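So you can see what is in the structure, the chains are spelled out below.
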Amino acid sequence: MKKTNLIISIIAIIGFIGLSVIEITKKEKVVYIDNNVIIQKYKGMKNARAEFEKKASVWEANADTLIKEWEQELKNYEKERSKMTTKEKELKEELLRNKQQQIQGYSQAMQKKAADEEQKMTQTVVNEINDYLTEYGKKHNYKFILGATGAGNILYADENFNITEKILEGLNAEYEKQ
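The numbers attached to residues start from 1 for each chain and follow its sequence in the written order. Owing to the predicted nature of the model, reporting of local features is limited to residues with pLDDT of at least 70; listing and counting of side-chain atom pairs is limited to 80 or more, with chain, interface and lining totals taken over all residues. Where side-chain values are given, they derive from all heavy atoms of the structure, hydrogens and water being excluded.

Caption draft 1: Representation of the overall build of the protein chain in the model. From N to C terminus, the protein chain includes five helices and two strands. Starting at the N terminus, helices and strands are each numbered in turn, a helix being any DSSP run of H or I of at least four residues and a strand any DSSP run of E of at least two. Put simply, the protein chain runs from its N terminus to its C terminus through helices and strands in the order α-β-α-α-α-β-α. Residues classed as buried in the protein chain amount to 20% of the 178 residues present. Taking as baseline every contact in the protein chain between residues at least 6 positions apart, the subset at least 24 positions apart corresponds to 82%. A 1.4 Å probe and the Shrake-Rupley method give the accessible areas. Residues count as covered only by the protein chains that appear here. Here the protein chain displays about 13,400 Å² of accessible surface, and carbon together with sulfur accounts for 55% of that area. Relative accessibility under 20% of the residue-type maximum defines a buried residue, over 50% an exposed one, and the middle range a partly exposed one, all with a 1.4 Å probe and only protein chains included. When checking whether two residues touch, look at their non-hydrogen atoms; a contact exists if any pair is within 4.5 Å.

The following block contains the structure:
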C-alpha cells in the first residue's frame, strides 16, 4: 500500500514537473537553433573559411617551392658527386641536411600558424553569431535560446521552437550590410 502511494506520488510529481516545464517554455519563450546549420550556412563563416583557405594555399605553395628547390639541389649533387672531393661532398651533404631541417621547421611553423589562424577565425565568427543571438533574444523577449549540436545536449525539441532559419536569415542579412 505504501509502495503504491509512493509510486502514485512520484508519477504525480513527474507529471507536475513535465507540465511546469511546458508552461515555463510557453511563458518564458524558450527556443533553439541548430548550431551546425548556422555554422555551415552563415555567409560570414563561408567567407572567413575561403579567406583562410587562400592563406593556407599560399603557405603550402611556399613549402612546396622550398621542397622542390631542395630536391633539385639533391639531384644536382647526385650528378656532380663523382667529380667532387671528399671534403666537398661532406660540405654539400651537410648543406643539404641543414636545408632539409629548415624546410621541416618551416613546414611545422606553417602548420602551427594555420591551426592558430583557423582557431582565431572560428572564434571570431562564433563571437559574431553569439552577439547576434544576444541581440535577437533581447529583441524578441526570449528567455533562452538553446543550441543543438547533434552531440546530445538537446535530445528532442518540437520543431515549432526551432528558429534556426530565422537566425540564419538575420545573420546573413546583417553580414551583407557590412
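Right, picking up where we left off after that structure.
Caption draft 2: Geometry of the pattern of salt bridges. One speaks of a salt bridge when a side-chain nitrogen belonging to Lys or Arg is within 4 Å of a carboxyl oxygen belonging to Asp or Glu. As enumerated under the stated definition, the model contains five salt bridges in all. Glutamate 73 is the salt-bridge partner of lysine 92, the closest N and O atoms lying 3.7 Å from each other. Remark: glutamate 73 occurs in helix H3 (residues 43-80) and lysine 92 occurs in helix H4 (residues 86-139); sequence separation between them is 19 residues. Judged by its relative accessible area of 22%, lysine 92 falls in the partly exposed class. Close ionic contact of aspartate 116 with lysine 112 constitutes a salt bridge, the shortest N to O distance being 3.0 Å. Here lysine 112 and aspartate 116 lie together in helix H4, a separation of four residues that amounts to about one turn. Owing to a relative accessible area of 53%, lysine 112 belongs among the exposed residues under this scheme. Among the charged side chains, a network of salt bridges with common partners joins Glu73, Lys92 and Lys99.

Caption draft 3: Representation of the packing of aromatic side chains. Centre distance within 6.5 Å is the pairing criterion for rings of Phe, Tyr and Trp, where only the six-membered ring of Trp is used; planes under 30 degrees apart are then read as stacked, over 60 as edge-to-face, and the remainder as tilted. According to the stated counting rule, one finds three aromatic pairs in the structure shown. Relative to tyrosine 175, the ring of tyrosine 42 has its centre 5.8 Å away and its plane inclined at 75°; by these criteria the two rings are edge-to-face. With tyrosine 42 in the loop between helix H2 (35-41) and H3 and tyrosine 175 in helix H5 (residues 164-177), this residue pair connects regions lying 133 residues apart in the sequence. Residue tyrosine 42 is classed as buried on the basis of its relative accessible area, which comes to 2%. Grouping aromatic residues by their ring pairs yields a cluster made of Tyr132, Tyr136 and Tyr142. As a reminder, the over-ring test applies to NZ of lysine and CZ of arginine, requiring each to be within 6 Å of the ring centre and within 35 degrees of the ring normal. In this arrangement the basic side chain of lysine 29 is found over the ring face of tyrosine 142, its NZ or CZ atom lying 5.3 Å from the centre.

Caption draft 4: View of the pairing of strand S1 (residues 30-34). Here S1 lies mainly inside the structure; four of its five residues are buried. The pairing of S1 with strand S2 (residues 144-148) spans five bridges and is parallel. In the strand pairing of S2, isoleucine 33 is matched with glycine 147. A strand pair is defined by DSSP finding two or more bridges across the two strands.

Caption draft 5: Spotlight on unusual backbone geometry. Of note, the phi angle at asparagine 141 is positive, near 55°, even though the residue is not glycine. Relative to the assigned elements, asparagine 141 resides in the loop between H4 and S2.

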